[in-house]
Amino acid sequence: MGNHAMNAPELLLPAGSLQHMRYAYAYGADAVYAGQPRYSLRVRNNDFHKLPVLQQGIEEAHALGKQFFVASNLMPHNAKIKTYMADMEPVIEMKPDALIMADPGLIMMVRERWPEMPVHLSVQANTVNYQAVKFWQSMGLSRVILSRELSLDEIEEIRQLCPDMELEVFVHGALCIAYSGRCLLSGYFNHRDPNQGTCTNACRWDYKTHASDNNDDSPQKIEFKAFDAMNQHSFSDCGQQERHPLADDVYLIEEANRPGELMPIFEDEHGTYIMNSKDLRAIQHIERLVNIGVDSLKIEGRTKSVYYVARTAQIYRQAIDDALAGRRFNPALIGQLDNLSNRGYTDGFYQRHPTQEQQNYLHGYSSNKQHQYVGEVLAYDEDKQCLEIDVKNRFAIGDKLELVMPEGNKTLVLDKLFDKELHDIQLAPGSGHKVYIPYHGHAPEKALLARYL
């Protein structure tokens, strides 16, 4: 297991804003990562493009004894190389705990100029073997974020053969449909390059397909014999399989926000070239990852809601604490993650075939406790003994609610609901409204409200 076995791994959460960062820490994160818009892979929904906000985030983290990492992990073209060092100087002065980087040229420049600054190798570098980890260790990096395309057994072998290097893996969040972070769909559709920080998540849009009549006005039909010729050598041992006659038809795809704009899509014998991956959920593997001795367990989602950050931190914190205490995995945690926004879940490449026990986990607990995020607690009015709620989704008298709090959650049935003048109302209509619900007890901090469905 190496000398890392059973050490407490770091729980690393995304932070798109100071508010997200504060909730992450309150609900159990040890560290957060945030990006610079010009030099990371998340331009949008990012408060940290303002240097004073970034500095405030780093200072608040250090005051709590937590860590703050700055993502600087794009693959830059020449123009960004020329501005990089000057732009990074004020960031380095803020003393973040590490830079997350991918490009070897930028890494070389930073290591030469600021050798004391810890550098973590981004998942963008697609590190899939122990020799690559040793290479980056020899370059002076302090951590490697391993590729998502690795199995648990491969991670364990890397851990054993690289005992002195920090290793980080993703355990939850969106998966790229190409090799980690190297999707081309966004660049193809919108001329917005994912590796330059402007991914539009084109793989997750709502698409409809239309049959093409293959007439002169429709997109040109692709000649599949060309594919056969190209692949004849590399696939010569596969044998000649009879293709379905419909496979050679051209189909048109229409994106919800581009009505009438029909784009061709086709399939050959190797598959269809547009996909939408399920989200990664590896909570059932936390015990194994802790036993392997992985140093950091990372959750993806810098553009997700505060509720997502709080709940993933809370749930994965519980799984880590259980593993460290020797308690068996609690499969109810799987069902709790189903309540978060997701596109269905997969455990990615971690395990080729789930064990019977894990099949039972997934099927037996995924629909047992469905929630919807309905509000953020803004304040507690002791005189009125009411919680002020910033409504996110509608809820009403009679609903069973869960008050989500860092110290533990509490279930309540809503029997009273007030407007700001404390008049009785029956319904919190939805986003943009503020309402009050009765509450007795200490003032909860960073609390959120969910409704049982």
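First, a word on scope: everything that follows refers to the structure included in this document. The written sequence of each chain sets the order in which its residues are numbered from 1. Note on the predicted model: pLDDT of at least 70 is required for a residue's local features to be given, and 80 or more for side-chain atom pairs to be given and counted; whole-chain, interface and lining totals, by contrast, use all residues. As a rule here, side-chain values cover all heavy atoms of the structure and leave hydrogens and water aside.

## As for the overall build of the chain
Worth spelling out the cut-off: Secondary structure elements are defined from DSSP: runs of H or I of at least 4 residues count as helices, runs of E of at least 2 residues count as strands, and each element is numbered from the N terminus. Any pair of residues with heavy atoms lying within 4.5 Å of one another is described as a contacting pair. Here the Shrake-Rupley method, with its probe set to 1.4 Å, supplies the accessible areas, and only the displayed protein chains count as covering residues.
Each helix and strand in the chain was counted, giving 12 helices and 23 strands. For the chain, contacts bridging at least 24 residues in sequence account for 70% of all contacts bridging at least 6. In the form shown here, the chain has an accessible surface area of approximately 21700 Å², with 50% of it arising from carbon and sulfur atoms.

## Let's talk about the packing of helix α5 (residues 130–138) against helix α6 (residues 152–161)
We count it as follows: Angles here are taken between N-to-C directions and fall from 0 to 180 degrees, while the axes themselves are lines fitted to C-alpha atoms, restricted in helices to the stretch in contact. Should an angle fall under 35 degrees it is taken as roughly parallel, and over 145 as roughly antiparallel, whereas 65 to 115 is taken as roughly perpendicular and any remaining angle as oblique. What makes a crossing left-handed is the near helix being turned counterclockwise from the far one by less than a right angle; a clockwise turn instead makes it right-handed. Three classes are used: nonpolar for Ala, Val, Leu, Ile, Met, Phe, Trp, Tyr, Cys and Pro, charged for Asp, Glu, Lys and Arg, and polar for all others, with Gly counted as polar.
The contact between α5 and α6 brings their axes to 9 Å, and the two run at 40°. Considered as vectors, α5 and α6 are oriented oblique to each other. Regarding α5 and α6, the two cross each other, and that crossing is right-handed. Here α5 contributes Tyr130, Val133 and Lys134 to the contact with α6, which in turn contributes Glu157, Ile158 and Leu161. In the contact of α5 with α6, the residues fall into 4 nonpolar, no polar and 2 charged.

## A closer look at helix α3 (residues 78–93)
To keep it simple, the criterion reads: Here the bend at a residue means the angle between the axes of two seven-residue stretches, the one that ends at it and the one that starts at it. Classification of residues uses two cut-offs on accessible area relative to the type maximum, computed with a 1.4 Å probe and protein chains only: under 20% is buried, over 50% is exposed, and between them is partly exposed.
Maximal helix bending in α3 amounts to about 45°, located at Tyr84. When we look at burial in α3, the residues that qualify are Lys80, Tyr84, Met85, Met88, Val91 and Ile92. Summarising the contacts, the buried residues of α3 are in contact with α2 (51–63), β3 (67–71), β4 (98–101) and α4 (104–113). Among the residues trailing α3, Lys95 stands out with phi positive, at a value near 60°.

## Describing the packing of helix α1 (residues 18–26) against helix α10 (residues 306–324)
Working note: a packed helix pair is described by the angle between its axes plus the distance between those axes. Contact pair α1 / α10: the axes reach a minimum separation of 8 Å and the direction vectors enclose 20°. Regarding the angle of α1 to α10, the classification is roughly parallel. The element α1 and its partner α10 pack so that their crossing is right-handed. Contacts between α1 and α10 pair Gln19, His20, Tyr23 and Ala24 from the former with Val306, Val309, Ala310 and Ala313 from the latter.

## Examining the packing of aromatic side chains
Definition in use: Each Phe, Tyr or Trp ring, with Trp reduced to its six-membered ring, pairs with another whose centre is within 6.5 Å; inter-plane angles below 30 degrees give stacked pairs, above 60 give edge-to-face pairs, and intermediate values give tilted ones. In this analysis the charged atom, NZ for Lys or CZ for Arg, is taken to sit over a ring once it is within 6 Å of the ring centre and within 35 degrees of the ring normal.
All told, the structure shown has 6 aromatic pairs when counted by the stated rule. Between Phe48 and Phe68, the ring centres sit 5.5 Å apart and the planes meet at 75°, which makes this aromatic pair edge-to-face. A residue pair is termed long-range when its members are at least 10 positions apart, and Phe48 in the loop between β2 (31–35) and α2 and Phe68 in strand β3 qualify at 20 residues. On the accessibility criterion, Phe48 (1% relative accessible area) is buried. Lying over the aromatic face of Tyr308, Lys304 brings its terminal NZ or CZ to 4.2 Å of the ring centre. Cation over ring: Lys400 sits above Tyr452, and NZ or CZ is 4.5 Å from the ring centre.

## Regarding the sheet that holds strand β23 (residues 448–452)
Defined as follows: A strand pair is defined by DSSP finding two or more bridges across the two strands.
The strand order across the open sheet formed by 6 strands is β20-β19-β23-β16-β17-β22, and the pairing between neighbours is antiparallel. Lying at the two open borders of the sheet, with one neighbouring strand each, are β20 (410–413) and β22 (434–438). For this sheet, the mean inter-axis angle between neighbouring strands, taken without regard to orientation, is 35°. Where strand β19 (residues 400–404) meets β20, 4 bridges bridge the pair, whose relative direction is antiparallel. From the neighbouring strand, Glu402 faces β20, where its bridge partner is Thr411.

## Section: the nonpolar core
Worth spelling out the cut-off: To form a nonpolar core, buried Ala, Val, Leu, Ile, Met, Phe, Trp, Tyr and Cys residues must be joined to one another through side-chain atoms within 4.5 Å.
Formed by 94 residues in total, the largest nonpolar core has its most connected members in Phe68, Val171 and Ile283. Beyond its immediate chain neighbours, meaning those up to four positions away, Val171 contacts Leu280, Arg281, Ala282, Ile286, Leu289, Leu297, Lys298, Ile299, Tyr316 and Tyr350.

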